[in-house]
Amino acid sequence: MSQLPVQCPACKEQLKVKRLVCENCQTQVEGLYELPLLVRLESEEQAFLIDFLKCSGSLKDMAALMKLSYPTVRNRLDEIIDKIKQLEKTVAKEAKEKSK
Amino acid sequence: MNEQVIPLKKNRLIIWMFNPFMYIAGGQALIIGLLVIVTTGLIGSLGNVHFDGVLDMHPGPVAPLWLFFAEGFIDWLSLAAVLLVAGLIMKGTSFRFIDVFGTQALARWPMLLSAAAGLPPANQRVTDELLKMAQNPNQPLSLQPVDIAVFAAAMIVILIALAWMVVLMYRAYAVSCNLRGAKAIISFIAALLIAEVASKFALWPLFKIISK
């Protein structure tokens, strides 16, 4: 299956969901839905977070799984945390602008 | 597991050469690093090569084995302690002390090459002649061409190993304390200079003991 695009290829703005389809009965739901925050992360970052959850949040286990050193894995997690914080700020800013 | 979580576009060999801390840190790096320091001291004692400062390496006087070990440990601890403080001041996130000490110990491994390069007796002969010339500039140099060639080759190896070690020390600091950019470079240079002075002060009393 092709990867879910989260950014507009033309203007780089955040994409939203306009239509959802049931593959079974072809029912279509139309609207304007925000993409969840986690979906906005890169697929590599999502995979990292899934692995991290599977390791019960243990950086040591994560390092062993990825065959990388502990600080390398921790630094990667810190990068993702920073990105999530940045995304949260963007979402809050967008919501504030909309409410005006 | 997705193997692409951390892209490994760089050649693995290059990463192992210049940033092994991507794969090794903590206790594992500490054990290997301590073995490196002890081995460097042993090889240094065979050729009377002294590491009398974080970045220093000189042919020197005959000394007891303990001094060669002490030099390595003081050099390592001086820099690791100063970088730990620098990391705590500069930190963006938390880090483990064992990563700082372990990776800094491992970063000293190019000194093994330096110690080995300093082994040939030709180095000592050239150094002695140069010292004599410095004390009495009118005295002509009496050196064999082979000795000069060996000394020149050793100097090249030592300089490359020194530059390599500094790169490793910086990478170890950046990975252990999760620092990047100008903040990491400036704090590393400052820490290196402070540690160099601190190690000289710490080693000075030991050299006084053996000179008695």
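Here the structure is a predicted model, which is why all the values come from computation and not from measurement. (Residues numbered from 1 in each chain as written. Chains lettered and ligands numbered in written order. Predicted model: local features only at pLDDT ≥ 70, side-chain atom pairs only at ≥ 80, totals over all residues. Heavy atoms only, no water.)

So, on to the overall build of chain B. Helix and strand counts for chain B come out as 8 helices and 2 strands. Listing the helices and strands of chain B from first to last along the sequence gives α-α-β-β-α-α-α-α-α-α. In terms of its C-alpha atoms, chain B occupies a principal-axis envelope of roughly 65 × 35 × 30 Å. The proportion of buried residues among the 212 residues of chain B is 45%. (Helix = DSSP H or I, 4+ residues; strand = E, 2+ residues; numbered from the N terminus. Buried < 20%, exposed > 50% of the residue type's maximum accessible area, 1.4 Å probe, protein only.)

Before going further, it helps to spend a moment on the side chain of Glu196 of chain B. All names here are of chain B. Among the structural elements, Glu196 can be located in helix 8 (residues 181–211). Although buried, Glu196 forms no salt bridge, and the nearest oppositely charged side chain, Lys200, lies 4.5 Å from it. The contact partners of Glu196, leaving out residues within four places of it in the chain, are Gly53, Val54, Leu55 and Asp56. (Lys, Arg positive; Asp, Glu negative; His and termini not counted. Salt bridge = Lys/Arg side-chain N within 4 Å of Asp/Glu carboxyl O. Contact = heavy atoms within 4.5 Å.)

As a further point, take the interface of chain A and chain B. Contacts between chain A and chain B engage 18 residues on the former and 22 residues on the latter. In this assembly, chain A packs against chain B so that about 1,600 Å² is buried in total across both faces, 59% of it on carbon and sulfur atoms. Three residues, Glu44, Leu68 and Arg74 of chain A, lead the burial of chain A against chain B; their summed loss comes to 27% of the area buried on that side. Here chain A is connected to chain B by 1 salt bridge. Of the charged contacts, one joins Arg180 of chain B and Glu79 of chain A as a salt bridge, the two residues approaching to 3.6 Å between their closest N and O atoms. At 8 residues, helix 3 (residues 70–99) of chain A tops the list of elements feeding residues into the side of chain A that touches chain B. Looking at side-chain class alone, the side of chain A that touches chain B contains 7 nonpolar, 3 polar and 8 charged residues. (Buried area = accessible area lost by both parts, 1.4 Å probe. Nonpolar A, V, L, I, M, F, W, Y, C, P; charged D, E, K, R; others polar.)

Here we come to the confidence of the model for chain B. Atomic detail in the predicted coordinates should be set aside for any region of low pLDDT. Residue and element names in this part refer to chain B. Taken over all residues, the pLDDT of chain B has a mean of 91, while the share at 70 or more is 95%. Between the elements of chain B, mean pLDDT differs from a low of 84, seen in strand 2 (residues 58–59), to a high of 98, seen in helix 4 (residues 97–106). Low pLDDT (under 50) marks residues 1–5, which in the prediction has 12 contacts with non-local residues, meaning those over four places away or in another chain. (pLDDT = per-residue confidence, 0-100.)

Our next topic: the packing of aromatic side chains. For the coordinates displayed, the defined rule picks out 9 aromatic pairs over all chains. Look at Phe18 of chain B and Trp164 of chain B: their rings are 6.2 Å apart centre to centre, the planes differ by 45 degrees, and that puts the pair in the tilted class. With Phe18 of chain B in helix 1 (residues 12–18) and Trp164 of chain B in helix 7 (residues 145–177), this residue pair connects regions lying 146 residues apart in the sequence. With a relative accessible area of 35%, Phe18 of chain B lands in the partly exposed category. Note on Phe95 of chain B and Phe97 of chain B: the rings are 6.3 Å apart at their centroids and 40 degrees apart in plane angle, and the pair reads as tilted. Classification of Phe97 of chain B by relative accessible area gives partly exposed; the value is 45%. Through successive ring pairs, a cluster of aromatic residues spans Phe18, Trp109 and Trp164 of chain B. Looking at Arg96 of chain B, its charged tip hangs above the ring of Tyr70 of chain A, at a distance of 3.7 Å from the centre. (Phe/Tyr/Trp six-rings, centres within 6.5 Å; stacked < 30°, edge-to-face > 60°. Lys NZ or Arg CZ within 6 Å of the ring centre and 35° of its normal.)

Moving on, we get to the pairing of strand 2 (residues 28–33) of chain A. Residue and element names in this part refer to chain A. Inspection of the sheet shows strand 1 (residues 17–21) paired to strand 2 by 4 bridges, in the antiparallel sense. Following the sheet pairing, Val21 is matched in strand 2 by Gln28. The antiparallel pairing of strand 1 with strand 2 creates a hairpin that spans 6 residues between the two strands, and Gln26 there sits at a positive phi of about 65 degrees. (Pairing = 2+ DSSP bridges.)

All names here are of chain B. Here Met133 lies in helix 6 (residues 121–135). The class of Met133 is partly exposed, set by a relative accessible area of 33%. Sequence separation of Met133 and Gln104 is 29 residues, and the distance between their C-alpha atoms is 38 Å. Sequence-distant contacts of Met133, defined by excluding residues within four places in its chain, comprise Gln139 and Leu141.

Here we take up the confidence of the model for chain A. Across chain A, the average pLDDT comes to 92, with 99% of residues at 70 or higher. When pLDDT is averaged over each element of chain A, helix 2 (residues 59–66) of chain A comes out on top at 96 and helix 3 of chain A at the bottom at 91.

Time to look at helix 6 of chain B. All names here are of chain B. If you check helix 6, its first and last C-alpha atoms are 21 Å apart, about what 15 residues at 1.5 Å a residue would give, namely 21 Å. Of all the residues in helix 6, the buried ones are Ala122, Asn123, Val126, Thr127 and Glu129. Along the long axis of helix 6, the arc covered by the buried residues comes to 165 degrees, so they all point the same way. Opposite the buried face of helix 6, by more than 90 degrees, sit the exposed residues Pro121 and Gln135. Next to the buried residues of helix 6 lie strand 2, helix 5 (110–117) and helix 7. (Expected span 1.5 Å × (residues − 1). Arc of directions from axis to C-beta.)

Time to look at unusual backbone geometry. With a phi close to 55 degrees, Ser56 of chain A is a non-glycine residue in the positive phi region. Looking at Ser56 of chain A, the relative accessible area reads 70%, which means it is exposed. Backbone geometry at Asn48 of chain B places phi at a positive 50 degrees, although glycine is not the residue there. Relative accessible area serves as the criterion here: at 17%, Asn48 of chain B is assigned to the buried category.

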